Amino acid sequence: MKVLIDTNIILDVCFERAEFQDYSTQIFSLIEQKKLAGCISACSVTDIYYLARKQFRDKEKALWTIKRLSQLFKILKADEKSIRYAVDLHWSDFEDSVQYSVAKQSHVKAIITRNTKDYSQSQIPVYTPAEFLKLTA
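This text gives an overview of the structure that appears in the document. (Residues numbered from 1 in each chain as written. Predicted model: local features only at pLDDT ≥ 70, side-chain atom pairs only at ≥ 80, totals over all residues. Heavy atoms only, no water.)

Two orientations exist for strands paired in a sheet by backbone hydrogen bonds: parallel and antiparallel. As summarised here, the arrangement of the five strands in space is S3-S2-S1-S4-S5, forming an open sheet in which the pairing is parallel. One side of each edge strand has no neighbouring strand; the edge strands of this open sheet are strand S3 (74–76) and strand S5 (126–127). When strand S4 (residues 110–112) meets S5, the two strands line up parallel, connected through two bridges. Bridge assignment links Ile111 to a residue of S5, and that residue is Val126. Sheet strands in contact with helix H3 (residues 42–56) are strand S2 (37–41) and S3, and its direction is about 70 degrees off that of S2. (Pairing = 2+ DSSP bridges. Helix = DSSP H or I, 4+ residues; strand = E, 2+ residues; numbered from the N terminus. Contact = heavy atoms within 4.5 Å. Axes fitted to C-alpha atoms, helices over the stretch in contact; angles between N-to-C directions.)

Counted by the stated rule, this structure contains six aromatic pairs. Grouped by ring-pair contacts, the aromatic residues Tyr85, Trp91, Tyr100 and Tyr119 constitute a single cluster. Geometry around Phe20 places Arg114 over its ring, the cationic atom sitting 3.7 Å from the centre. (Phe/Tyr/Trp six-rings, centres within 6.5 Å; stacked < 30°, edge-to-face > 60°. Lys NZ or Arg CZ within 6 Å of the ring centre and 35° of its normal.)

In this section: the pairing of S2. For S2, the buried fraction is high: four of the five residues fall into the buried class. Of the pairings in the sheet, the one linking strand S1 (residues 2–5) to S2 comprises three bridges and is parallel in character. Counterpart to Leu4 in the pairing with S2 is Cys39. As paired elements, S2 and S3 share three bridges and run parallel to each other. In the sheet register, Cys39 faces S3, and the bridge partner there is Lys74. (Buried < 20%, exposed > 50% of the residue type's maximum accessible area, 1.4 Å probe, protein only.)

Here we take up helix H7 (residues 129–136). Residues of H7 that are buried include every one of Pro129, Phe132 and Leu133, and no others. Buried residues of H7 fall within an arc of 100 degrees about the axis and therefore sit on the same side. Opposite the buried face of H7, at more than 90 degrees from it, the exposed residues are Lys134 and Leu135. Elements that come into contact with the buried residues of H7 comprise S1, helix H1 (7–14), helix H2 (18–32), S4 and S5. (Arc of directions from axis to C-beta.)

Turning our attention to H3. When the terminal C-alpha atoms of H3 are compared, their 21 Å separation across 15 residues agrees well with the 21 Å that a helix rising 1.5 Å per residue should span. All of the buried residues in H3 are Ser44, Val45, Ile48 and Ala52. Taken end-on, H3 shows its buried residues confined to a sector of 100 degrees, consistent with a single buried face. Among the exposed residues of H3, those oriented more than 90 degrees off its buried face are Thr46, Tyr50 and Lys54. Buried residues along H3 sit against H1, S2, helix H4 (59–72), S3 and helix H6 (94–105). (Expected span 1.5 Å × (residues − 1).)

By definition, a disulfide is the covalent link that joins the sulfur atoms of two cysteine residues. Counted under the stated rule, the structure contains zero disulfides. With no disulfide of its own, Cys14 lies 16 Å from the sulfur of Cys39, the closest cysteine sulfur. (Disulfide = S-S within 2.5 Å.)

This part is about the packing of H2 against H4. At their nearest, the axes of H2 and H4 sit 10 Å apart, and the two run at 55 degrees to each other. One way to sum up the angle between H2 and H4 is to call them oblique. Where H2 abuts H4, its residues Phe28, Ile31 and Glu32 lie against Arg68, Leu69 and Leu72. Class assignment for the residues of the contact of H2 with H4 results in four nonpolar, no polar and two charged. (Parallel < 35°, antiparallel > 145°, perpendicular 65-115°, else oblique. Nonpolar A, V, L, I, M, F, W, Y, C, P; charged D, E, K, R; others polar.)

This is the structure we're talking about:
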């Protein structure tokens, strides 16, 4: 199943956020085992790099993180069409509307995020990691 992994899930694992890491790590494991086709948007890559460089205070470690993610996840393009569609959605959170637009354009089957409320208008099923794992168990 092709799923879009939202930036917050990636950051939970990369930054070892104890409160959220367990379920997010399980999602990563399913992707590593090829039980899920994990995707992230190109927009997420730049956000993750910026935040990783700030968090680690180490450019090389931030770049290594991006390299590893690019080996694990398919990176979906955010192009003019997806940005225009996101603008037209008029969602309260523009970043999430871009994520959704990229997911829709790439025909993903689900979006996995901890931020489900911002995807309330999504036509694609949206799950927290815990919800998704229960569904696939």
